[in-house]
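Here are the chains, one letter per residue:
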Amino acid sequence: ESKRDNSGKGRVFSGNKVINCSINNSLTLFSSELGFKSNEFINCIINKVANEGNSKGFSYSYSNFYNNEKFSKPSGTGNTAYDPLFLDPARGNLKLKSSSKLIDKGTRSSEVNCDFEGNSRPHGGTHDMGAYEYLKASAPEPDAPVESDNSTQENVYNYEICEGESLTLTAP
């Protein structure tokens, strides 16, 4: 929810918190003709963003900034600059791989009790950074080939499909 403060010279967005979000492959992080004042980004992943835009009036904590074109990791408690290791960002899957350094690197937030899919937070010591809480998978991650004794197959992959999800397989 956005709050507007109409005091002063112009209208501004103020007092907002952006918690546990993942922003990937975007042209601009902020784009508004209105000003910003006293807003916070907490436990967020900002990855492959071309331009920061009008970021005055934002503070960042426990957020990750990686592979952004015209800006780098800002100062702030707990901010990092690691490859987030998303499962499949090309297809919009911004869940973290088990080897991601962003698992359990956020800060606890009583304002966020579940992730983007409704899974409870935190799993482990504290919140993960980003929109998805890492859940230990029982099957290998999609990019990990499974051993096969069939010499005609190059790779075999295991995917977990949940109700309401779909998977499209295309042969090379």
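Residues numbered from 1 in each chain as written. Predicted model: local features only at pLDDT ≥ 70, side-chain atom pairs only at ≥ 80, totals over all residues. Heavy atoms only, no water.

## Some remarks on the overall build of the protein
If you tally the helices and strands in the protein, you get 0 helices and 11 strands. Counting only residues that meet the buried cut, the protein has 34% of its 172 residues in that class. Relative to all contacts within the protein whose residues are 6 or more apart in sequence, the contacts with residues 24 or more apart total 30%. Accessible surface, the protein as shown: approximately 11,000 Å² in total, 46% of it carbon and sulfur. (Helix = DSSP H or I, 4+ residues; strand = E, 2+ residues; numbered from the N terminus. Buried < 20%, exposed > 50% of the residue type's maximum accessible area, 1.4 Å probe, protein only. Contact = heavy atoms within 4.5 Å. Areas by Shrake-Rupley, 256 points an atom, 1.4 Å probe, with all protein chains shown as cover.)

## As for the side chain of Ser-100
Counting through the fold element by element, Ser-100 comes out in the segment after strand E11 (93-96). Polar side-chain contacts of Ser-100 include one of 3.1 Å to the backbone nitrogen of Leu-102. (Polar contact = N/O pair within 3.5 Å; in protein donor to acceptor, adjacent residues only side chain to side chain.)

## With respect to the pattern of salt bridges
For side chains of opposite charge, pairing can occur when their charged atoms come near one another. Per the counting criterion, the structure on display carries 4 salt bridges. In this structure, the salt-bridge partner of Glu-117 is Lys-95, at a minimum N-O distance of 3.2 Å. Taken together, the positions of Glu-117 in the segment after E11 and Lys-95 in strand E11 put the pair 22 residues apart, joining distant regions of the chain. Under the relative-accessibility criterion, Glu-117 is labelled partly exposed at 41%. (Salt bridge = Lys/Arg side-chain N within 4 Å of Asp/Glu carboxyl O.)

## Brief notes about the sheet that holds strand E7 (residues 45-53)
Here 3 strands make up an open sheet; going across it, the order is E4-E7-E9 and the pairing parallel. On the outer flanks of this sheet lie strand E4 (22-30) and strand E9 (64-66), each paired with one strand and no other. Across the sheet, the mean angle from the axis of one strand to that of its neighbour is 40 degrees, orientation sign disregarded. In this sheet, E7 lies alongside E4 in parallel orientation, the contact comprising 6 bridges. Paired with Ile-23 across the bridge in E7 is Ile-46. (Pairing = 2+ DSSP bridges. Axes fitted to C-alpha atoms, helices over the stretch in contact; angles between N-to-C directions.)

## Re the sheet that holds strand E8 (residues 58-61)
One open sheet accounts for 3 strands, arranged E3-E6-E8; its pairing is parallel. Where the open sheet ends on each side, the last strands, each with one partner, are strand E3 (17-19) and E8. Each adjacent strand pair in this sheet contributes to an overall mean axis angle of 15 degrees, direction not counted.

## Considering unusual backbone geometry
Between Arg-121 and Pro-122 the backbone carries a cis peptide bond, its omega angle lying at -10 degrees. Relative to the helices and strands, Pro-122 resides in the segment after E11. In the Ramachandran plot, Asn-43 falls in the positive-phi region, its phi being about 60 degrees despite a non-glycine side chain. For Asn-43, the location among the structural elements is in the loop between strand E6 (39-42) and E7. One non-glycine residue, Tyr-62, adopts positive backbone phi at about 45 degrees. Within the element layout of this structure, Tyr-62 appears in the loop between E8 and E9.

## Description of the packing of aromatic side chains
Per the counting criterion, the structure on display carries 4 aromatic pairs. Between Phe-41 and Phe-58, the ring centres sit 5.5 Å apart and the planes meet at 65 degrees, which makes this aromatic pair edge-to-face. With a gap of 17 residues between them, Phe-41 in strand E6 and Phe-58 in strand E8 connect regions that are remote in the sequence. The exposure class assigned to Phe-58 is buried, which follows from its relative accessible area of 17%. Aromatic side chains Phe-116 and Tyr-132 sit 5.7 Å apart centroid to centroid with 80 degrees between the ring planes, which places their arrangement in the edge-to-face category. (Phe/Tyr/Trp six-rings, centres within 6.5 Å; stacked < 30°, edge-to-face > 60°.)

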